[in-house]
Amino acid sequence: MRVGVPKEIKPNEHRIGLTPTAVREYAARGHEVLIEKGAGLGAGFADDAYEACGARIVPDAAAVFDQAQMIVKVKEPQKTEWPRLKPDQILFTYLHLAPDPDQTKGLLESGCAAIAYETVTDSKGGLPLLAPMSEVAGRIAVFSAAETLLKHNGGMGLLLCGVPGVSPARVVVLGGGVVGMNSARMALGLNAEVVVMERSIPRMREIDEATSGRVITRFSSINAIEEEILKADVVIGAVLVPGASAPKLIKREHLSRMKPGSVLVDVAIDQGGCFETSRPTTHEDPTYEVDGVVHYCVANMPGAAPRTSSEALNNATLPFGLALADHGLDALKKDPHLARGLNVLGGKITYPAVAEALGMDYVDPYGVWKD
């Protein structure tokens, strides 16, 4: 199969869909890999490194989309990329369609088979292709919160870790999944006071054991959330409903009661955000203020560490990408976990949570294959 990797064009996005190491694995299986010229430079991968691993460098994105049978990306295709996708192509990337009707329409009109990293599952019910970026985002969220708390960045002027004789910041993490756990461990490592809000009692026990009881865990009821966010200096939104829009856990009415200059970091912004007042921001202009509370809602936090993020992502996506290159869409029939990644096929939505979030019809993908 011809596998194409275009340069990411979303603002401040420097990750790349395939690293040179991954390209060598594809080439060893007899696949041809096309890399857009300069696509890996932002992550520190030069064109000659790709060529040394068996890739062919093509001059622009048009050449990639025209020639490739499978497109491998990192972020969702942008508006200029939708018309370049074709009915006989496989798109393998993050999509986050639930809060994005325009992109969904563009993919439906293209007729391509769109497989989303974030809805591929594993035998334990986890999300193995989302996990590495969740790990990166969870850790970056704490660094970003610490910076935003500083006075010149709009915060209250609080040092996250404190100093002897002065209390550290209180960090409340909404959600104890991969993002939440990584945020909690990072904040704890910086000597912050950390509270994790979670609904799974077994998960709370895991967090308690992993942190030797140093992280406070609370059942995530409405009352408990309201109590904790009023005491918080930082709130990190780390709630995920696979494939669906994130629930809004903090309402506009709560903000006026929170500490002035406190910080909200919404890691769920790709799925619509878990704060009512969230809207996507960029690394160039990451924050804004509502009712005295500073919001950090960068939609591609891992893009700030493109080298680490690209390598971590490829470690996870490689087996699935190779399966698609080896077998095409038949790979989905062989692997039900990879099949869970299929969000769009033949102009139809094939993931229930996306269809529900957008008020559109869901179609069983096996029916589309039979047609």
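Residues numbered from 1 in each chain as written. Predicted model: local features only at pLDDT ≥ 70, side-chain atom pairs only at ≥ 80, totals over all residues. Heavy atoms only, no water.

Caption draft 1: Here's a closer look at helix H1 (residues 20-28). Within H1, burial applies to Pro 20, Ala 22, Val 23 and Tyr 26. For H1, the angular spread of buried residues about the axis comes to 155 degrees, placing them on one side. Facing away from the buried side of H1 by over 90 degrees, the exposed positions are Thr 21, Arg 24 and Ala 28. Turning to H1, the residues buried within the fold contact strand S1 (2-5), strand S2 (32-36), helix H2 (47-52), strand S4 (70-72) and helix H10 (306-327). Gly 30 occupies a position one or two residues after H1 and carries a positive phi of about 90 degrees. (Buried < 20%, exposed > 50% of the residue type's maximum accessible area, 1.4 Å probe, protein only. Helix = DSSP H or I, 4+ residues; strand = E, 2+ residues; numbered from the N terminus. Arc of directions from axis to C-beta. Contact = heavy atoms within 4.5 Å.)

Caption draft 2: A look at the packing of aromatic side chains. Scanning the entire structure with this criterion turns up three aromatic pairs. Here the aromatic rings of Phe 92 and Tyr 117 are separated by 4.7 Å at their centres, their planes lie at 85 degrees, and the arrangement is edge-to-face. Residue Phe 92 is located in strand S5 (residues 90-93), and its partner Tyr 117 is located in the loop between strand S6 (113-116) and helix H5 (131-149); the two are separated by 25 residues in the primary sequence. For the residue pair Phe 92 and Tyr 117, the accessibility class agrees, reading buried in each case. Three or more aromatic residues joined by ring pairs make a cluster, and in this case those are Phe 92, Tyr 94 and Tyr 117. Positioned above the aromatic ring of Tyr 288 is the side chain of Arg 279, whose terminal nitrogen or guanidinium carbon lies 3.8 Å from the ring centre. (Phe/Tyr/Trp six-rings, centres within 6.5 Å; stacked < 30°, edge-to-face > 60°. Lys NZ or Arg CZ within 6 Å of the ring centre and 35° of its normal.)

Caption draft 3: Expanded view of the sheet that holds S6. Strand order in this open sheet of eight strands is S3-S2-S1-S4-S5-S6-S14-S15, and the pairing throughout is mixed. Among the strands making up the open sheet, the edge pair consists of strand S3 (56-58) and strand S15 (348-349). Packing against the sheet, H10 makes contact with S1, S4, S5 and S6, and its axis sits at approximately 180 degrees to S5. (Pairing = 2+ DSSP bridges. Axes fitted to C-alpha atoms, helices over the stretch in contact; angles between N-to-C directions.)

Any link to function would need more than the numbers given here.
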